[in-house]
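Chain by chain, the residues run as shown.
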Amino acid sequence: MNELSKITAEHLCRCAIVYVRQSSTTQVEHNRESTARQYELAERAARLGWRRDQVKVIDEDLGVSGSGLSERTGFARMTAEVGLGQVGIVLGLEVSRLARNNADWYRLLDLCGLTHTLIGDGDGIYHPGLFNDRLVLGLKGTMSEAELHVLRARLLGGIRNKAARGELHRGLPVGLVRGDADGEVLLHPDESVQAAIHAVFDRFAEFGSARRVWLWFRSQGLRFPLHSNSLVDLRWVAPTYTKIHQVLTNPFYAGVYVYGRTQQTCYLDAGGRIRKRIRQRDREQWPVFIRDHHAGYIDWNTFEANQKRLAQNIRPRPHQSGGAVREGAALLQGLAVCGHCGRRLAVHYSGRFSAPGYHCAGKNIVNGRGEYCLNIGGVQIDAAVAEAFPAALAPAGLEASLQAIEQFDADHETTLAQFRRDVERARYNAQRAERRYRAVDPENRLVARGLEAEWESALLELKTAESELSDREHARPRSLTHEERDAILALGKDLKRIWFAPTTSDRDRKELLRTLLDDVTLRVERDKYNAHLTLRSRGGLFSEVNVPLPHSHPSPIRHRRRYDRSAAATGCTLSRHQDRRHPQSPRPYNGHRTVVYGKSCVEPADALGDPVLRAETASAGRRVHDDRESSTRSRDRTIYFASLPQRWLHCRRADHTWRAVAHPYQ
């Protein structure tokens, strides 16, 4: 059938669409002849009989791939107009310009067949409603998709083969540069760049946290080198947390060449469209891994230790150890393990003074109610661990003291060295700007004015750098005297003084604990009033500590108040002796005699119908009280406290006097 005979008056009444597309922005920039040929299809539509005002050129998808993974607004608008029966013919340079995947291609064919829309390319004009034309178009679409697969497989095969030899040129992180030989990687020749990278790893070995390294850079006012493909020269900027973290996690700094750390996967979104995302591969799945490929800033063992430490700083998953060291007072945060079920213990703080405590999130059903597997205060537990820890570190105390002295002198020198390099670099830039200014013809003011401004800017940067260096040198801490050095060495022999020193923060104590201990297993024996601790050190040694637990403290009797007739006569209120915070407390109370502390208070023996004990004054530190209860109750009400192993009630009256009465339910 003649191609022109397929064009009818009905087709000429509709518009003609010329679809223009290139797969990438690089093709748009460099393959300009192909783009020009696609725009010339508008002239072909005019030769086929369509008026020029009927020809629409859709070029919104220039630089967008037709593989189906990218959303093409131009293709969507074209298919919408075809579905509405407003298009007589769709022209493309070739079938691959319209679609590179069969899903989009056959959807367009179905719509064109239903609305009697023609499709034209460089080979001819086709009617998708005719069997032979649809067969040819189907084959072309399949070949277009297969061509994309062949091209991609050929390209990726060459890339992987070159990467397997460690010669594939990809972007290197700051601090590393390419050499002359294939695959050669060298350290950056700039000494200041190397010093900045070394400072990141040195500070991380000291602090153990990427965020604290970043904060150290910011507090010292140090800048960090920045380079990219769009920048010719290095730029020195204030470091960001992301950049510090990238330096610590990039294996190229450990002298390792890797390829394939990420993988692109496809998925369907909520709208049924194909999307792609980048996923990080596990280290075992990296296709190319070449150790000792080039000189690095650290070795591989140090890199692995850093990754393990970074992984411990993130929020741990349930029942897993780890987590960054926090500012709280609980020493065993992230280390404590339940000795009953093996779960990791969570930390809580309670009371007016935020006393630490540990509890196990595993819940058991007791008497139809859920309760924690373990719930215990942490003050005595932490005290027992604190007593055992300095004794274990005593052999390393002297070495730690010597390192502290060296660190005192080295920290400030590291900062000063970086500022001296900044001054040296600024002085070189100023001298280079001066040479460029003096080399230009003075009469060429168009060029001379620009070079003069550049020279002035370089001189201003040099002045600023010298001022910063001078301020840092004047702020240099004084050197340690012989007496101070002797004092530090003496502290190394008595680590207990360092541990309990007021200048040692809770964070520092927990950092010290983690250098020695892997975990602490805590098992509570309530019937024996004992807590059994098993300390597992990093060397595999175990030590056991038993902590005696105090008998239960008096608890406020809160709810379900009842009145005794004799008690009502004196205005005293009694309530049930089971505290809501301790639902499993036994009743009635049994045990030994209660000693009452406070002011002497004499009441008639028949005031409550029970014997009254005369209270004797004792020290205020042993006074039984509950601040939260006293703050919530009104002052004109008498409050009773009961102790689990005791038969007596502690009575606090409105006038703040204390007395003991026999338990009314004994």
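Conventions used here
- Residues numbered from 1 in each chain as written.
- Predicted model: local features only at pLDDT ≥ 70, side-chain atom pairs only at ≥ 80, totals over all residues.
- Heavy atoms only, no water.
- Helix = DSSP H or I, 4+ residues; strand = E, 2+ residues; numbered from the N terminus.
- Contact = heavy atoms within 4.5 Å.
- Areas by Shrake-Rupley, 256 points an atom, 1.4 Å probe, with all protein chains shown as cover.
- Patch = residues over 30% accessible without salt bridge, like charges linked within 9 Å, V, L, I, M, F, W, Y side chains within 5 Å.
- Salt bridge = Lys/Arg side-chain N within 4 Å of Asp/Glu carboxyl O.
- Buried < 20%, exposed > 50% of the residue type's maximum accessible area, 1.4 Å probe, protein only.
- Pairing = 2+ DSSP bridges.
- Axes fitted to C-alpha atoms, helices over the stretch in contact; angles between N-to-C directions.
- pLDDT = per-residue confidence, 0-100.
- Phe/Tyr/Trp six-rings, centres within 6.5 Å; stacked < 30°, edge-to-face > 60°.
- Lys NZ or Arg CZ within 6 Å of the ring centre and 35° of its normal.
- Arc of directions from axis to C-beta.
- Core = buried A, V, L, I, M, F, W, Y, C linked by side-chain atoms within 4.5 Å.

Draft legend 1. Highlighting the overall build of the chain. Helix and strand counts for the chain come out as 20 helices and 29 strands. Here the contacts in the chain between residues at least 6 apart in sequence split such that 60% fall between residues at least 24 apart. About 38,300 Å² of surface is accessible on the chain, with carbon and sulfur atoms providing 51% of the total.

Draft legend 2. View of a nonpolar patch on the surface. Together, Phe131, Leu135 and Leu139 make up a nonpolar patch on the protein surface, roughly 350 Å² of accessible area in all. If you trace the backbone, Phe131 turns up in helix H8 (residues 131-164). Overall, the relative accessible area of 65% leaves Phe131 in the exposed class.

Draft legend 3. The sheet that holds strand S19 (residues 375-377), seen in detail. Read across the open sheet, the three strands follow the order S15-S16-S19; overall the sheet is antiparallel. In the strand order of this sheet, the two ends are held by strand S15 (345-350) and S19, each with one partner. Strand after strand, the sheet turns through a mean of 25° between neighbouring axes, direction not considered.

Draft legend 4. Highlighting the confidence of the model for the chain. Taken over all residues, the pLDDT of the chain has a mean of 75, while the share at 70 or more is 72%. Contacts from residues 555-666, a stretch scored under 50 in pLDDT, to residues over four places away or in other chains number 209 contacts.

Draft legend 5. Main features of the packing of aromatic side chains. By the definition in use, this model includes eleven aromatic pairs. When the centroid spacing of 6.3 Å and the interplanar angle of 75° are considered together, the rings of Tyr19 and Phe75 count as edge-to-face. Taken together, the positions of Tyr19 in strand S1 (residues 15-22) and Phe75 in helix H5 (residues 73-83) put the pair 56 residues apart, joining distant regions of the chain. Pair check on accessibility: Tyr19 and Phe75 agree, each one buried. Taking 5.5 Å as the distance between ring centres and 35° as the angle between the ring planes, the aromatic pair formed by Tyr437 and Trp455 counts as tilted. Remark: Trp455 occurs in helix H15 (residues 445-474) and Tyr437 occurs in helix H14 (residues 397-439); sequence separation between them is 18 residues. Ring pairs connect the aromatic residues Trp286, Phe289, Trp300 and Phe303, which therefore count as one cluster. One cation-aromatic arrangement involves Arg72 over Phe75; the distance from NZ or CZ to the ring centre is 4.2 Å. The aromatic ring of Tyr267 is capped on one face by Arg277, whose charged end is 4.2 Å from the ring centroid.

Draft legend 6. Geometry of the pairing of S15. Note: S15 against strand S16 (residues 355-360), six bridges, orientation antiparallel. Bridging across to S16, Val347 finds its partner in Tyr358. Counted between consecutive antiparallel strands, the loop separating S15 from S16 contains four residues, among which Gly351 sits at a positive phi close to 85°.

Draft legend 7. Up close: the pattern of salt bridges. Scanning the entire structure with this criterion turns up 23 salt bridges. Residues Lys56 and Glu81 are paired through a salt bridge, measuring 3.5 Å at the closest nitrogen-oxygen approach. A residue pair is termed long-range when its members are at least 10 positions apart, and Lys56 in strand S2 (residues 55-62) and Glu81 in helix H5 qualify at 25 residues. Arg134 is paired through a salt bridge with Asp110; the nearest N and O atoms lie 2.7 Å apart. Of this pair, Arg134 sits in helix H8 while Asp110 sits in helix H7 (residues 102-115), and the two are 24 residues apart along the sequence.

Draft legend 8. Structural context of helix H18 (residues 506-516). Arg509, Lys510, Leu513, Arg514 and Leu516 are the residues of H18 that are buried. Along the axis of H18, the buried residues cluster in a sector spanning 160°; they form a single face.

Draft legend 9. Looking closely at the nonpolar core. In this structure, Ile197, Val200, Phe201, Phe217, Phe224 and Leu248 are the most contacted members of the largest nonpolar core, which totals 50 residues. At the level of elements, H8, helix H9 (191-207), helix H10 (210-220), helix H11 (241-249), strand S10 (257-259), helix H12 (300-313), H14 and H15 are the ones that each hand at least two residues to this core. Per-element accounting of this core gives the leading share, eight residues, to H9. Setting aside anything within four residues of it in sequence, one finds Leu248 in contact with Val200, Phe201, Phe204, Ala210, Phe303, Gln307 and Leu310. Ile381, Ala384, Val385 and Leu516 belong to the second-largest nonpolar core, a separate cluster that totals 29 residues.

Draft legend 10. Representation of the side chain of Asp104. Tracing the backbone shows Asp104 in helix H7. Note on Asp104: relative accessible area 16%, which makes it buried. Aside from chain neighbours lying at most four places away, what touches Asp104 is Gly68, Arg72, Phe75 and Ala99.

Draft legend 11. Representation of unusual backbone geometry in the model. For His116, which is not a glycine, the phi torsion comes out positive at approximately 55°. Counting through the fold element by element, His116 comes out in the loop between H7 and strand S4 (118-120). A relative accessible area of 40% means that His116 is categorised as partly exposed. The backbone of Tyr529 shows a phi angle near 50°, a positive value even though the residue is not glycine. Topologically, Tyr529 is positioned in the loop between strand S20 (517-525) and strand S21 (530-537). Judged by its relative accessible area of 34%, Tyr529 is partly exposed.

Draft legend 12. Inspection of the environment of Leu222 at higher detail. Looking at where Leu222 falls in the secondary structure, it is placed in the loop between H10 and strand S8 (224-226). On a C-alpha basis, the gap between Leu222 and Gln418 in space is 7.5 Å, while along the polypeptide they are 196 residues apart. Leaving out residues up to four positions away in the same chain, Leu222 has contacts with Trp216, Phe217, Pro239, Thr415, Gln418 and Phe419.

Draft legend 13. Expanded view of the pairing of S1. In terms of burial, S1 is a largely internal element, eight of the eight residues being buried. Side-chain alternation along S1 places Cys15, Ile17, Tyr19 and Arg21 on one buried face and Ala16, Val18, Val20 and Gln22 on a second face that is also buried. The pairing of S1 with strand S3 (residues 87-91) spans four bridges and is parallel. Residue pairing in the sheet places Ile17 in a bridge with Val90 of S3. For S1 and S2, the ladder comprises six bridges, and the chain directions are parallel. Each bridged residue has a counterpart across the sheet, and for Gln22 the counterpart in S2 is Leu62.

Draft legend 14. Representation of the sheet that holds S2. Sheet architecture is open: five strands sit in the order S2-S1-S3-S4-S5, paired in mixed fashion. Strands at the two margins of the open sheet, each flanked by one partner only, are S2 and strand S5 (125-126). Sheet strands in contact with helix H3 (residues 32-39) are S1 and S2, and its direction is about 175° off that of S1. On the sheet, H5 packs against S1, S2 and S3 and is oriented at approximately 145° with respect to S2.

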